[in-house]
Amino acid sequence: MPKVNRSILLLLVFILTIVIFISGCGDGGAGKEKEPNNSIDQANDIVLGKPFEIKISPVGDDDWFKVDLTEQGYLKVQASQIPEGLELEVAFALFQEWEGKKEKWLRKWHKLPDAIFIPEAGTYYFAIIDNYNDKESKEPIQIKADFILEYDAGEPNNSPETATTLEFGTPIKPVIFPTGDKDWFKVNVTKQGYILVKSKDVPKEIVPDIYYAKYDEWADPKIQKLRNWHKLPDACAVAEPGEYYIALIDDYNDRSSETPFNFLVEFLDEIDIYEPNNDFKTAKSVSRGDTLKIAIFPQGDKDYFKLNIETGNKIKFMAKDYTGIVPEIRLYTLNENDKLDVASSWKKLPAEVDVTPGTEYYLLLHDDYADQGSQQVFEFKIE
């Protein structure tokens with residue numbers, strides 16, 4: 001009899017183990033959200049890398065989850081088996097237990113999949129909704145959150161204050177991730193010349209875009225933009241020594257890639273002895289009969305010259321040995337308000353222009369559409 005009882009006991013233990021296993025403790029399948037979880041203080045704990053099920057029901061349902069992270073990196077949330085008609089969005093936050101509004105938003109609503117940069121260890125929260133909060137579905141949706149260890153050596157560098165210092169000629173491998181990521185870099189310039197920025201092996205998902213700036217924490221505004229957004233390769237003329245900043249983004253801030261690419265910043269010594277002359281106030285004086293050696297570089301470069309006409313009612317401008325650009329000129333005169341008045345139409349070179357003897361003109365030379373530049377120094381003749 002005792003022998004039979006022991007067999008029954010063992011059978012009961014076996015059956016109980018199977019029941020526990022099937023119930024989800026050991027099958028590796030998706031867990032399920034626990035309602036209510038419609039506010040940050042009701043957030044469900046989740047396990048990184050393990051899928052779990054949610055339902056967007058009723059209309060207006062939002063589901064909160066939280067996870068403990070131990071180091072810098074990225075929290076990525078993705079979904080599968082989304083019912084037709086639903087478009088899921090996610091937002092990330094920290095929990096402010098003692099504040100009037102308990103959510104401290106880190107990144108507002110973006111369509112899934114999405115990710116956020118994690119600067120330090122802590123408990124991070126995210127909420128999932130239907131994008132317009134006007135649809136529901138009782139069908140289960142698979143959600144998974146993963147943590148990606150930091151692999152961009154420059155991060156965190158999302159502001160000028162945290163800009164990564166670069167050495168000219170030393171390539172780096174930045175990552176534009178997650179969507180909306182902006183990477184700041186700074187270089188130390190010791191003389192007049194050009195900052196050149198290049199890239200290669202760029203993932204097809206993104207289009208890098210950059211601008212150049214000076215930064216002064218005591219100024220208003222703190223960021224002085226020197227050259228607007230341009231795609232790579234690109235260059236910026238710098239007239240004096242100092243610290244210069246470069247901001248890097250995806251061109252529309254709507255794409256990202258987890259793949260690093262090659263990014264190189266170089267310095268080119270000044271190639272045009274008349275620079276800086278991008279403004280008529282810094283125009284260099286020239287005369288009829290001069291032959292200048294100049295460059296229209298970088299893209300968008302404008303070269304102003306001051307030209308006194310002593311005799312003759314016509315003047316001719318010619319150029320040779322240029323490549324990659326279409327030189328074009330225009331004459332101006334200075335009015336009593338220290339503003340330029342147009343004195344001729346745009347003319348591609350060679351060009352002859354009517355002038356008035358005894359008049360001081362300002363000559364502007366550029367590429368005809370200001371969309372090309374060339375490091376090639378060429379000859380520009382005035383006669």
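Position numbers for residues count from 1 along each chain, tracking the sequence in the order it is written. Reporting in this predicted model follows two pLDDT cut-offs: at least 70 for local features of residues, and 80 or more for side-chain atom pairs to be given and counted; totals over whole chains, interfaces and linings ignore these cut-offs and use all residues. Values reported for side chains reflect all heavy atoms of the structure, with hydrogen atoms and water molecules removed beforehand.

With that settled, consider the confidence of the model for the chain. Note on scores: pLDDT gives the predictor's confidence for each residue, bounded by 0 and 100. Scored by pLDDT, the chain comes out at a mean of 93, with 92% of its residues at no less than 70. Below a pLDDT of 50 lies the segment residues 17-29, which in the model reaches six contacts outside its immediate sequence neighbourhood of four places, other chains included. In what follows, a contact means two residues having at least one pair of non-hydrogen atoms within 4.5 Å.

This part takes up the sheet that holds strand E5 (residues 73-80). Paired strands, as defined in this entry, are two strands with at least two bridges between them according to DSSP. In this description a helix means any DSSP run of H or I spanning at least four residues, a strand means any run of E spanning at least two, and both kinds are numbered starting from the N terminus. Sheet architecture is open: five strands sit in the order E1-E3-E10-E5-E8, paired in mixed fashion. Each edge of the open sheet is held by one strand with a lone partner, namely strand E1 (31-32) and strand E8 (114-118). In the sheet, strand E3 (residues 52-56) pairs with strand E10 (residues 137-149) via four bridges, with the strands oriented antiparallel. Following the sheet pairing, phenylalanine 52 is matched in E10 by isoleucine 143.

Here the focus is the sheet that holds strand E16 (residues 234-238). Strand order in the open sheet formed by three strands is E16-E13-E18, with antiparallel pairing between adjacent strands. Each of the sheet's edge strands pairs with one partner strand only, and the pair in question is E16 and strand E18 (262-269). Across the sheet, the mean angle from the axis of one strand to that of its neighbour is 20°, orientation sign disregarded. Pairing between strand E13 (residues 193-200) and E18: eight bridges, direction antiparallel. Paired with tyrosine 194 across the bridge in E18 is leucine 268. Axis angles are defined between N-to-C directions and span 0 to 180 degrees, where every axis is a line fitted to C-alpha atoms and, for a helix, only to the segment in contact.

Right, let's talk about the nonpolar core for a bit. We define a nonpolar core as any set of buried Ala, Val, Leu, Ile, Met, Phe, Trp, Tyr and Cys residues linked to one another through side-chain atoms lying within 4.5 Å. Categorising residues by exposure relies on relative accessible area from a 1.4 Å probe, with only protein chains included: less than 20% of the type maximum marks a residue as buried, more than 50% marks it as exposed, and the intermediate range marks it as partly exposed. Core analysis: the largest hydrophobic core is formed by 23 residues, its most contacted members being Ile294, Ile315, Phe317, Ile329, Leu365 and Phe380. Of all elements in the fold, only strand E20 (291-294), strand E21 (303-309), strand E22 (314-320), strand E23 (327-334), strand E26 (351-354), strand E27 (359-367) and strand E28 (378-382) reach the threshold of two or more residues within this core. Of all hydrophobic cores here, the second largest spans 22 residues; its members include Val67, Leu75, Leu86 and Ile141.

Moving on: the environment of valine 77. Assignment of secondary structure puts valine 77 in strand E5. Sequence separation between valine 77 and histidine 110 is 33 residues; the distance between their C-alpha atoms is 11 Å. Setting aside its immediate chain neighbours within four residues, valine 77 contacts Phe92, Leu112, Pro113, Asp114, Phe126, Ile128, Ile143, Lys144 and Ala145.

Attention now goes to the pairing of E21. In summary, the side chains of a regular strand alternate between the two faces of the sheet. Burial analysis of E21 places five of its seven residues in the buried class, the great majority of the element. Alignment of E21 against E27, held across seven bridges, turns out to be antiparallel. Its bridge partner being in E27, phenylalanine 305 is matched across the sheet by leucine 363.

Bringing the environment of threonine 162 into the picture now. When you line up the elements, threonine 162 lands in the loop between E10 and strand E11 (164-165). Judged by its relative accessible area of 37%, threonine 162 is partly exposed. With sequence-adjacent residues up to four places away left out, threonine 162 is seen in contact with Pro156 and Asn157.

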